[in-house]
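As a plain string of letters, each chain reads:
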Amino acid sequence: MKATKIISACAVLVALASCSNDHVISQPGAEDTPIRIQANVGAVTTKAASDINEGTFYTGAQVGIFLREHRASNETAIKVYTNNTPIQGTLSTSSGTNQNITLETPQYFPSNGRGVDCLAIYPKQYNSTDIANGVTSFSVLETQDDEGYKKSDLMYAYKEDTKNSSGGTINLTFSHLLSKIVIKLNVDQSSGVDKSILADAYIDLLNTHVTTSITVSDMSQDTSTPSSNGSQDAKVELVSTSTDDSDKKTIRLGCPGKSDADDGTSKSAAAIIVPQTISSGTAFIQVRLRKSGEDSDYAKYTYTVGSSQLSFASGYKYEYTITLKAGGIDVESVKINEWGNGESNGTGDAKLD
C-alpha cells in the first residue's frame, strides 16, 4: 500500500514538473515579439499655403525596410534580417501622421535581447525596381498634380537600437531629400483683373532638371563575423544631380483652379524638384492664362532668373508669390524655408513673353 502511495506521489511530482517546464518554455521571449513600425513625416500638415501637400504619403504607398541586429564592437549577430533586398512595408492609409507600416513578411526581435536598427526609404521602388543598397537614379515626374507630386517625393528615415522592452514599435520620422517649390498665385482686383481668372490659370516650371542619384547605406550583416566597430549610422544621401541639358524638362504643377464654392483671390500649387542650380537669365516660372476654351490658346507670362543664379538645396522649400495684374505679373519676395527652421528672402524679375 505504501509503495503504491509513493509511486502515485512521484507521478504527481513528475506531472507538476512537466507542467512547470511547459510553462517556462511558453514564456514569450524577444524572438516571439513581432517588430512593429510606425511612420510620420517631419513636417506638420497645416492649411498654410507653404505647407501644401506636406505630411502625406501617396495612396497605396510602399516603403522599403532594411533591418539589422544592433551590436557593439566584437559582438556576433545571431540573426540576419535583410541584405540588399528591402522588406516590403505598406502604409495603412494615404494621409495623416503616425501611420502603421505592415511588413509583407513578419519580423521578430533577436532572441538575445538586443535591439534592431531600421532604415526605411520612400518609395520602395523606382521604375518597378527596388531601391537597394548602393547608388540608384531617381527622377521626379513632369506632371505634378496631387498624385504626381506625392509620387515625386523621396524620403528616408533611420532609427537605431529599438529594443523589445520599448514595446516593440519602431517609430520612424521621415525627412525630405529633394527640394520643394510653392507658387502662390494672387489676383490684384484693383487693377481690373477679376478673380475668376484663377479658374484658367496654370503654372509651369521651365528648364528644370528632373534626375538625381542617391546612395543607400549598406544594412547587410554577417552572423559569422563579429562587428569590428559596432553598428554604423545609416542613411540615404544625394550623390549628384544631372547637368545634361537633355534632362531639362517642363514640370506642370497642378492647376490652382477655382471651384464654384471658392471666392478667394489667391491659390497655391506645389512641385518637387531635385536639388540644382539654375543660371541667371534662364526662363524659370511660367504662368499660362487660358484666353479661350481651347487648351492651346494661352497668354504666357514668364519669371526669368535675375543677375544671380538660383540654388535649390535638399530639404528646403521655396515659396514664390506671383500677383496677376492688368498687363502683366509681379513676382514678389521669395521665401526660403528649411523644413522646420530658418527663413531668408530674395527677389526676382518677371517679363511677358
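Residues numbered from 1 in each chain as written. Predicted model: local features only at pLDDT ≥ 70, side-chain atom pairs only at ≥ 80, totals over all residues. Heavy atoms only, no water.

Undergrad: Help me get a handle on the pattern of salt bridges, residues and values and all.
TA: Within this structure, the stated rule accounts for ten salt bridges. R252 serves as the salt-bridge partner of D204, at 2.5 Å between the closest nitrogen and oxygen. Separated by 48 residues along the polypeptide, D204 in strand 13 (residues 201-209) and R252 in strand 16 (residues 248-253) bring together distant segments of the chain. One salt bridge connects R288 with D204, and the closest N-O pair in it is separated by 2.6 Å. Taken together, the residues R288 in strand 19 (residues 283-290) and D204 in strand 13 connect sequence positions 84 residues apart. The pair R288 / D204 is uniform in exposure class, with both members buried. In the salt-bridge network here, residues are joined through shared partners; they are E69, E75 and R114. (Salt bridge = Lys/Arg side-chain N within 4 Å of Asp/Glu carboxyl O. Helix = DSSP H or I, 4+ residues; strand = E, 2+ residues; numbered from the N terminus. Buried < 20%, exposed > 50% of the residue type's maximum accessible area, 1.4 Å probe, protein only.)

Undergrad: Any details on the environment of K184? Residues and values, ideally.
TA: With respect to the element layout, K184 can be found in strand 12 (residues 179-187). Of the residues examined, K184 reaches a relative accessible area of 27% and is grouped as partly exposed. Placed 139 residues apart in sequence, K184 and T323 show a C-alpha to C-alpha distance of 8.3 Å. Aside from chain neighbours lying at most four places away, what touches K184 is S266, K267, S268, E319, Y320, T321 and I322. (Contact = heavy atoms within 4.5 Å.)

Undergrad: Explain the nonpolar core residue by residue, including any values.
TA: The biggest cluster of nonpolar side chains holds 53 residues, and the ones touching the most others in it are L119, L205, F284, I285, F312 and Y320. Every residue in contact with I285, bar those within four places of it in the chain, is listed here: I183, I203, D204, L205, Y301, T302, Y303, Y320 and I322. (Core = buried A, V, L, I, M, F, W, Y, C linked by side-chain atoms within 4.5 Å.)

Undergrad: Could you give an account of unusual backbone geometry, with specific residues and numbers?
TA: Excluding glycine, most residues fall at negative phi; most peptide bonds, likewise, are trans. Cis geometry marks the peptide bond from Y122 to P123; its omega dihedral reads 0 degrees. Even without a glycine there, the phi angle at N127 is positive, about 55 degrees. Its location among the elements puts N127 in the loop between strand 6 (125-126) and strand 7 (129-130). Residue class for N127 comes out exposed when judged on its relative accessible area of 61%. One non-glycine residue, D161, lies in positive phi territory at about 60 degrees.

Undergrad: A description of the side chain of D117 should follow, citing residues and the corresponding values.
TA: Relative to the helices and strands, D117 resides in strand 5 (residues 116-122). Side chain to side chain, D117 and H70 meet in a polar contact 2.9 Å long. (Polar contact = N/O pair within 3.5 Å; in protein donor to acceptor, adjacent residues only side chain to side chain.)

It is worth stressing that arrangement in space is one thing and function is another; only the former is reported here.
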